Amino acid sequence: MSDQYTTVDGASVGVLMGSASDWPTMEKTSSTLKALNVPHECNVISAHRQPDRLAAYIADASERGVQIFICAAGGAAHLAGVVASMTELPVLACPMQAWSLDGLDSLLSMAQMPKGVPVATFAIGGAGAINAALSAVSILALSDPKVKAAWLEYRAKQSSKVDVLPPAK
Ligand code: RP5
């Protein structure tokens, strides 16, 4: 089955998008994971247009050792919820700004999952795409000392970059 997908040896995070149009935003997820040396794989699989392909990917990815899924979708954004219905692994949801309502539709579709099948939902757009990657890193850091070291270094660097004074006029 894996010839239907982009697979990466040792990937611990599977990034999924409902459409290639989500990539300009989700590229930030990928570059954040890359910056922290977290092997991951990115695929476009639509929950409503390709349900069988999605089910096959989730089963295959879990068997190959993927530990966390990050799912991006826009509009009636059900990709993350459908993925969560197929796996016991953590699912992080990124609402896309998409084509209407500035992404509020995507945010509510993801955040308003009925109880029992959770998805952790992030901010609309780029901030959420980056934070989903960082949250995946923080989860992996619980059991991987190398990821933990990279995560602590990232946080320390970020802290040191905060401007203490307002910029001079
Ligand atoms: C969702 O609908 C996708 O995740 C995307 O955000 C949105 C628009 O998809 P396209 O019409 O660009 O394929 O399925």
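Residues numbered from 1 in each chain as written. Predicted model: local features only at pLDDT ≥ 70, side-chain atom pairs only at ≥ 80, totals over all residues. Heavy atoms only, no water.

Enquirer: Just to check I follow, could you spell out the site of the ligand for this structure?
Expert: In the neighbourhood of the ligand, the contacting residues comprise Gly18, Ser19, Ser21, Asp22, His48, Arg49, Ala73, Gly74 and Trp99. Here Asp22 contributes a side-chain N or O atom positioned 2.6 Å from an oxygen atom of the ligand. Contacts to the ligand include Gly74, whose backbone N or O atom sits 3.1 Å from an oxygen atom. The protein chains hide 72% of the 360 Å² of surface that the ligand would expose on its own. Cavity membership is defined here by more than half of the atoms lying within 2 Å of grid points; on that basis the ligand lies in the largest pocket. Within the shell around the ligand, the residues separate by chemical class into two nonpolar, five polar and two charged. (Near = heavy atom within 4 Å. Polar contact = N/O pair within 3.5 Å; in protein donor to acceptor, adjacent residues only side chain to side chain. Areas by Shrake-Rupley, 256 points an atom, 1.4 Å probe, with all protein chains shown as cover. 1 Å grid on protein atoms, 1.4 Å probe; cavity = no way out; pocket = protein on both sides within 12 Å on 5 of 7 lines; lining within 4 Å. Sits in = over half its atoms within 2 Å of the grid points. Nonpolar A, V, L, I, M, F, W, Y, C, P; charged D, E, K, R; others polar.)

Enquirer: What exactly am I supposed to notice about the pairing of strand β1 (residues 13–17) here?
Expert: In the case of a regular strand, side chains alternate between the two sheet surfaces. Here β1 lies mainly inside the structure; five of its five residues are buried. Where β1 lies against strand β2 (residues 40–44), five bridges are found, and the strand directions are parallel. Across the sheet, Val15 pairs through a bridge with Cys42, a residue of β2. Running through helix α1 (residues 23–35), the crossover from β1 to the neighbouring parallel element β2 is right-handed. Here β1 runs beside strand β3 (residues 68–73); their pairing, made up of five bridges, is parallel. From the neighbouring strand, Leu16 faces β3, where its bridge partner is Cys71. (Buried < 20%, exposed > 50% of the residue type's maximum accessible area, 1.4 Å probe, protein only. Helix = DSSP H or I, 4+ residues; strand = E, 2+ residues; numbered from the N terminus. Pairing = 2+ DSSP bridges. Right-handed = clockwise from strand over helix to strand, strands pointing away.)

Enquirer: I tried to follow the pattern of salt bridges on my own but got confused; where do I start?
Expert: Side chains that differ in sign of charge can pair as their charged atoms come close. Using the criterion set out here, one finds three salt bridges in the structure. By sharing partners, the salt bridges in this structure join Glu41, Asp60 and Arg64 into a single network. (Salt bridge = Lys/Arg side-chain N within 4 Å of Asp/Glu carboxyl O.)

Enquirer: Can you walk me through unusual backbone geometry in this structure?
Expert: Peptide bonds are, in most cases, trans, and in most cases residues other than glycine have a negative phi. In this structure, Asn37 is a non-glycine residue whose phi angle is positive, near 55 degrees. Along the chain, the position of Asn37 falls in the loop between α1 and β2. Taking relative accessible area as the criterion, Asn37 reaches 65% and is therefore assigned exposed. Its identity is not glycine, yet Ala98 carries a phi of approximately 45 degrees, on the positive side. Its location among the elements puts Ala98 in the loop between β4 (91–95) and α4 (104–111).

Enquirer: How should the packing of helix α2 (residues 51–64) against helix α3 (residues 79–86) be read in this particular structure?
Expert: When two helices pack together, you describe them by how their axes are tilted relative to each other and by the distance separating the axes. The interhelical angle for the contact between α2 and α3, taken along N-to-C directions, is 50 degrees, at an axis separation of 10 Å. Compared by their axis directions, α2 and α3 come out oblique. The handedness of the crossing between α2 and α3 is right-handed. Listed contacts from α3 to Pro51, Leu54, Ala55 and Ile58 of α2 are Leu79, Val82, Val83 and Met86. (Axes fitted to C-alpha atoms, helices over the stretch in contact; angles between N-to-C directions. Parallel < 35°, antiparallel > 145°, perpendicular 65-115°, else oblique. Left-handed = near helix turned anticlockwise from the far one by under 90°. Contact = heavy atoms within 4.5 Å.)

Enquirer: What am I meant to see in the environment of Ala93 here?
Expert: Tracing the sequence through the fold places Ala93 in strand β4. Along the backbone, Ala93 and Val119 are 26 residues apart, and their C-alpha atoms lie at a distance of 6.2 Å. In this structure Ala93 touches Cys71, Ala80, Met110, Val119, Ala120, Thr121 and Phe122, once residues within four positions along its chain are discounted.

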